[in-house]
Amino acid sequence: MLEAYIFAYGRVDAILLGCDGRWAYVDSGYRSDGKMAVEHMKELGVNKLDAYIASHRHRNHVGGAPVIIQAMKPAAIYTRDARMRDRLLALASGSEERAAVRDAYYRVLAPGDAFWLGPARLECLGPEKLNKYSVGAVGENYNSLILRLEYAARTMLLTGDTSASKLGDIPDGKLQCEVLKNPHHNGALGEKLLKRIAPQIVVVCNGKPPAGYYRKRIKAAGAKLYTAGKKGDGRVVLHCVENGPWVYGEPNQTDDEDEG
């Protein structure tokens, strides 16, 4: 079974992926969000990560990463940017966190590289090249790691804060997906690009739903919209089995509970 927990921490990416007992965490939000993430993972029975995935260096994406790395000891940290280790060291607090971040195994992905989370495959789609923006620059968004997750026939696109132009460079065969983690929180993609992606589900990581015109655009594209935020749907949970469709809701619910 593939599980995706998109936590409602506000305008941050904080995503837990599980597949047949293997676990990965994507970004974290701020430091306080990292602490909440550890608590929520433990509530779900997750005590160690197989992967930590850092999309880009903005604090609202990796501010809590050192907390998660120290507590969950991921087997590998995946990123697109070789500068990520230094960024996480700068965000670490205390000797234990710094040691955990320093001693972790890092893998810098290039387009075409892939790794596995149990039977789920995650492939780096971009960006094709990095630009040397300062750590707090708006342009750092364009360095966001873009990952395509495949589990049997099920697909998901993880986009960080990437831009429409970066997504537009990806071939249709890789770009199309069933679940789209909307880039840059509630940033609006154009109609043509949404049509190319052809998602069935769009998840927005934000404190509130996107603007009305974008909600209409998503609906017109034939996709369901979920907002991981206190004013939206709260924590968004999606799961699927190998030959089944994506289902919204906790995977441990019974069929009767789902129908109620």
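Residues numbered from 1 in each chain as written. Predicted model: local features only at pLDDT ≥ 70, side-chain atom pairs only at ≥ 80, totals over all residues. Heavy atoms only, no water.

Novice: Account for the sheet that holds strand 2 (residues 14–19), naming residues and giving values.
Specialist: One open sheet holds the eight strands; their spatial order is 6-5-4-3-2-1-14-15, and the pairing between them is mixed. Among the strands making up the open sheet, the edge pair consists of strand 6 (106–108) and strand 15 (247–248). Sheet analysis places strand 2 next to strand 3 (residues 22–27), joined by six bridges and oriented antiparallel. Considered in strand 3, the bridge of Gly18 is made with Trp23. (Pairing = 2+ DSSP bridges. Helix = DSSP H or I, 4+ residues; strand = E, 2+ residues; numbered from the N terminus.)

Novice: With reference to specific residues and values, describe the packing of helix 1 (residues 31–43) against helix 3 (residues 65–72).
Specialist: Packing of helix 1 against helix 3 leaves a shortest axis separation of 7 Å and a crossing angle of 30 degrees. Considering only the axes of helix 1 and helix 3, their crossing is right-handed. Between helix 1 and helix 3, the residues in contact are Arg31, Gly34, Lys35, Ala37, Val38, Met41 and Lys42 and Val67, Ile68, Ala71 and Met72, respectively. (Axes fitted to C-alpha atoms, helices over the stretch in contact; angles between N-to-C directions. Left-handed = near helix turned anticlockwise from the far one by under 90°. Contact = heavy atoms within 4.5 Å.)

Novice: Quick one: what's the story with the pattern of salt bridges, residue by residue and with numbers?
Specialist: Per the counting criterion, the structure on display carries 13 salt bridges. Between Asp13 and Lys181 there is a salt bridge; the shortest N-O distance is 2.9 Å. Here Asp13 is found in the loop between strand 1 (2–6) and strand 2, whereas its partner Lys181 is found in strand 11 (residues 179–181), with 168 residues between them in sequence. With relative accessibility at 1%, the residue Asp13 sits in the buried group. A salt bridge links Asp103 to Arg102; the nearest nitrogen and oxygen atoms lie 3.0 Å apart. Since its relative accessible area comes to 55%, Asp103 is described here as exposed. Here the residues in one salt-bridge network are Arg57, Asp81, Arg83 and Glu140, joined through shared partners. (Salt bridge = Lys/Arg side-chain N within 4 Å of Asp/Glu carboxyl O. Buried < 20%, exposed > 50% of the residue type's maximum accessible area, 1.4 Å probe, protein only.)

Novice: Give a description of the layout of surface pockets that names residues and reports values.
Specialist: For the largest pocket, the calculated volume is near 200 Å³. Lining the largest pocket are 14 residues, and of these Leu125, Gly126, Glu128, Asp169 and Ile170 lie nearest its centre. With four residues, the single largest contributor to the lining of the largest pocket is strand 8 (residues 120–126). Among the residues forming the lining of the largest pocket, the class breakdown is seven nonpolar, two polar and five charged. (1 Å grid on protein atoms, 1.4 Å probe; cavity = no way out; pocket = protein on both sides within 12 Å on 5 of 7 lines; lining within 4 Å. Points joined across faces, edges and corners; volume = space filled by probe spheres on them. Nonpolar A, V, L, I, M, F, W, Y, C, P; charged D, E, K, R; others polar.)

Novice: Break down the environment of Glu128 for me, citing the residues and quoting the values.
Specialist: Along the chain, Glu128 turns up in the loop between strand 8 and strand 9 (146–151). A C-alpha to C-alpha distance of 9.7 Å links Glu128 and Leu145, two positions 17 residues apart in sequence. If near-sequence neighbours (up to four positions away) are discounted, Glu128 is found in contact with Arg80 and Pro111.

Novice: Quick rundown of the packing of aromatic side chains? Include the residues and the values.
Specialist: A ring pair, where both rings are aromatic, is described by two values, the distance of the centres and the angle of the planes. In this structure the tally under the stated criterion is six aromatic pairs. Measuring from ring centre to ring centre gives 5.4 Å for Phe7 and Tyr9, while their planes differ by 5 degrees; the resulting arrangement is stacked. Across the pair, Tyr9 and Phe7 agree in class, each one buried. Relative to Phe115, the ring of Tyr78 lies with its centre 3.7 Å away and its plane at 5 degrees, an arrangement referred to as stacked. Linking Tyr78 in strand 5 (residues 77–79) with Phe115 in strand 7 (residues 114–117), this pair joins segments that are 37 residues apart in sequence. (Phe/Tyr/Trp six-rings, centres within 6.5 Å; stacked < 30°, edge-to-face > 60°.)

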